[in-house]
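Summary of structural features
Letter by letter, the chains look like this.
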Amino acid sequence: MTVEFFSEGLGGGLKMSDEKNLPVRYGEKELEFLKQALFSQNISPFFRNLDGGPLLQLFEKQIAEATGTSLCVAVSSGTAALHCALLTLGVGREDEVIVPSLTFSATASAVVMTGATPVFADIDPATYTISIESVKRMITPHTKAIIPVPLFGIPPLLGDFEQLGVERNIDILVDDAQSLGAKYCGKPTGSYGAAGCLSFQHTKTVSTGEGGAVCTDNPEVAEKVKRLRNHAEAYYGTDYVGWNFRMDELRAAVGLAQMERLETLLHAQKQNAQYILTHLPEGLEPPTPYSHSEPSYSLIPLRLKESSQMETILEAIAQTGVSQGQPGVNLGRGYGTPLYSKLAFASYHRDDCHNVERAVKEMLVVDIHRFRPLEAVEADWEKVCQAVRKVVK
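To keep things clear, this report deals only with the structure shown in the data block. (Residues numbered from 1 in each chain as written. Predicted model: local features only at pLDDT ≥ 70, side-chain atom pairs only at ≥ 80, totals over all residues. Heavy atoms only, no water.)

1. Considerations on the layout of surface pockets
Vacant regions in the atomic arrangement are exposed by a probe of water-molecule size rolled over the atoms. One number sums up the size of the second largest pocket: a volume of about 210 Å³. Along its surface, the second largest pocket is lined by 16 residues, and Ala-66, Gly-181, Lys-183, Glu-263 and Leu-266 are the ones closest to its centre. If you list the elements that add at least two residues to the lining of the second largest pocket, you get helix 2 (54-67) and helix 9 (262-277). Among the residues making up the lining of the second largest pocket, the classes are represented as six nonpolar, five polar and five charged. (1 Å grid on protein atoms, 1.4 Å probe; cavity = no way out; pocket = protein on both sides within 12 Å on 5 of 7 lines; lining within 4 Å. Points joined across faces, edges and corners; volume = space filled by probe spheres on them. Helix = DSSP H or I, 4+ residues; strand = E, 2+ residues; numbered from the N terminus. Nonpolar A, V, L, I, M, F, W, Y, C, P; charged D, E, K, R; others polar.)

2. Details of empty space enclosed by the protein
Across all of its chains, the model carries two cavities of 30 Å³ or more by this definition. Lining the largest cavity, in full, are Asp-176, Ala-177, Gln-178, Ser-179, Leu-180, Leu-198, Ser-199, Phe-200, Lys-204, Thr-205, Val-206 and Ser-298. Along the lines of polarity and charge, the residues of the lining of the largest cavity split into five nonpolar, five polar and two charged.

3. What to know about the packing of aromatic side chains
On inspection of all chains with the given rule, the structure shows seven aromatic pairs. Summarising the aromatic geometry, the rings of Tyr-128 and Phe-152 are spaced 6.3 Å apart at their centres and angled 85 degrees between planes, so their arrangement reads as edge-to-face. Residue Tyr-128 is found in the loop between strand 6 (123-124) and strand 7 (129-130), and its partner Phe-152 is found in the loop between strand 8 (143-146) and helix 6 (158-168); the two are separated by 24 residues along the sequence. In this structure, Tyr-128 and Phe-152 share a single accessibility class: buried. Taken together, the ring pairs in this structure connect Phe-120, Tyr-340 and Phe-345 into an aromatic cluster. Above the plane of the ring of Phe-371 lies Arg-25, whose end atom (NZ or CZ) is 3.9 Å from the centre. Positioned above the aromatic ring of Tyr-192, the side-chain terminus of Lys-187 is 4.3 Å from the ring centre. (Phe/Tyr/Trp six-rings, centres within 6.5 Å; stacked < 30°, edge-to-face > 60°. Buried < 20%, exposed > 50% of the residue type's maximum accessible area, 1.4 Å probe, protein only. Lys NZ or Arg CZ within 6 Å of the ring centre and 35° of its normal.)

4. A closer look at the sheet that holds strand 16 (residues 300-304)
Strand order in the open sheet formed by four strands is 14-16-18-17, and the pairing between neighbours is antiparallel. What marks the edges here is a single partner per strand, and that holds for strand 14 (284-285) and strand 17 (330-332). As judged from the four bridges shared by strand 16 and strand 18 (residues 363-367), these two strands associate in the antiparallel manner. Bridge assignment links Leu-302 to a residue of strand 18, and that residue is Leu-364. Here helix 10 (residues 310-318) sits on the sheet and contacts strand 16, strand 17 and strand 18; the angle it forms with strand 18, its principal contact strand, is near 20 degrees. (Pairing = 2+ DSSP bridges. Contact = heavy atoms within 4.5 Å. Axes fitted to C-alpha atoms, helices over the stretch in contact; angles between N-to-C directions.)

5. Overview of helix 7 (residues 219-228)
All of the buried residues along helix 7 are Val-221, Ala-222, Val-225, Lys-226, Arg-227 and Leu-228. Those residues of helix 7 hidden inside the fold are in contact with strand 3 (71-75), helix 3 (78-88) and strand 13 (212-216). The opening residue of helix 7, the one whose side-chain oxygen lies 2.8 Å from the backbone nitrogen of Glu-220, is Asn-218. (Polar contact = N/O pair within 3.5 Å; in protein donor to acceptor, adjacent residues only side chain to side chain.)

6. Some remarks on the side chain of Asp-380
Within the secondary structure, Asp-380 is located in helix 12 (residues 374-391). Relative accessible area serves as the criterion here: at 11%, Asp-380 is assigned to the buried category. Side-chain polar atoms of Asp-380 contact the side chain of Arg-372, separated by 2.9 Å. Residues in contact with Asp-380, not counting those within four places in the same chain, are Val-322, Ile-368 and Arg-372.

7. Topic: unusual backbone geometry
For Asn-169, which is not glycine, the phi torsion reads 55 degrees and is therefore positive. Note that Asn-169 resides in the loop between helix 6 and strand 9 (171-175). Its relative accessible area of 72% is what places Asn-169 among the exposed residues. If you check the backbone angles, Tyr-297 has positive phi at about 50 degrees while not being a glycine. Looking at Tyr-297, the relative accessible area reads 4%, which means it is buried.

8. Re the pairing of strand 3
Counted residue by residue, strand 3 has four buried out of five residues, so it is predominantly covered. Relative to strand 13, strand 3 is paired through five bridges, and the arrangement is antiparallel. Bridging from a neighbouring strand, Leu-71 pairs with Thr-216 of strand 13.

9. Side note on the environment of Thr-69
Within the fold, Thr-69 resides in the loop between helix 2 and strand 3. The buried category is assigned to Thr-69, whose relative accessible area is 11%. Setting aside chain neighbours within four positions, we find Thr-69 in contact with Ala-64, Gly-190, Ser-191, Cys-215, Thr-216 and Asp-217. Here the side chain of Thr-69 touches Thr-67 through a polar contact of 3.0 Å, side chain to side chain.

10. Structural notes on the pairing of strand 16
For strand 16, a buried count of five out of five residues is recorded, marking the element as mostly surrounded by other parts of the structure. Here strand 16 shows a buried face lined by Ile-300, Leu-302 and Leu-304 and a second buried face lined by Pro-301 and Arg-303. For strand 14 and strand 16, the ladder comprises two bridges, and the chain directions are antiparallel. Looking at the pairing, Glu-285 lines up with Arg-303 of strand 16.

11. As for the sheet that holds strand 15 (residues 293-294)
Ordered in space as 11-10-15, the three strands form an open sheet in which the pairing is antiparallel. Both edges of this open sheet fall to strand 11 (187-188) and strand 15, since each of them pairs with a single strand only. The pairing of strand 10 (residues 183-184) with strand 15 spans two bridges and is classified as antiparallel. In the strand pairing of strand 15, Tyr-184 is matched with Ser-293.

Given below as structure tokens:
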């Protein structure tokens with residue numbers, strides 16, 4: 001693949017010259033900020049400095065603004081963000097944290113890393129997000145926190161979760177890894193609860209290659225995360241155990257370049273998603289977001305009415321040349337099993353998760369709409385629709 005850089009175009013500086021029209025994530029602006037970081041001769045200035053370098057601090061400020069919070073602390077991954085945030089909330093041994101049974105494994109892994117116990121709740125099949133009714137059933141005297149996940153960029157009932165947290169004295173921590181740009185009741189999803197945790201891994205809308213952040217309005221949470229990411233040092237003595245979860249200036253530089261075109265990226269992502277959702281072939285059904293929610297659709301989950309046809313449909317799609325498993329252009333099963341079905345989490349308690357059991361059999365997850373012009377999405381989606389129509393007659 002040949003990558004060409006230019007000053008104008010989708011995302012403000014990205015051009016695709018691949019015959020398959022695959023996304024290109026990085027360009028001239030990233031190079032500009034990377035040079036600035038390199039020429040500073042100090043790409044990880046954390047010694048005797050909990051705040052990090054100037055590019056990192058600017059990146060954190062812009063992320064805080066994008067998430068509707070006053071404070072942001074960038075870390076090495078979304079998993080590290082969850083881990084640090086849980087620790088700042090005092091989560092540890094003998095505590096339980098309720099998580100959705102349909103999500104990426106890091107949501108539960110971060111709980112286990114604190115010594116606490118993940119408890120798995122069912123989902124609402126309309127949105128594929130955690131069911132508040134299921135959560136209520138799973139609350140015990142040991143419940144310390146609840147982690148709602150706006151999976152695929154589709155918000156759960158975040159206002160109701162905040163109210164539940166107040167009523168039961170339980171902390172709410174939003175795993176916002178997939179939902180930058182999503183809103184619930186006019187507020188960014190990452191602004192709900194005690195903190196929102198983001199991921200900047202390569203597949204996310206804003207990428208630093210690897211990275212994450214904790215966004216909050218609580219200065220105590222932000223300050224403790226700053227220390228936890230840097231071995232918990234105050235430089236005149238270590239008060240508690242910390243880790244090396246730092247984000248250096250190089251990754252912050254890439255993130256700053258991405259943030260310059262965030263609105264353009266989000267607009268294209270949502271526009272392309274709406275095209276797909278309004279041009280579904282017979283046999284596929286869209287999610288039904290809650291009223292007052294504005295999904296960002298980092299991924300698009302679709303329900304296949306006849307789950308017995310799943311493998312046949314996937315084979316038909318594969319024959320179209322619209323990629324399965326190639327970076328940036330994907331159609332597939334998505335989360336093929338609930339988290340509690342994985343060996344690492346099989347011993348933990350769960351609700352009767354009949355909705356998620358059905359969802360994983362029927363769900364087709366689409367990711368052909370991000371970082372691409374609408375014309376490319378339209379052409380690829382028509383190929384997918386034709387393949388589906390041949391199977392669903």
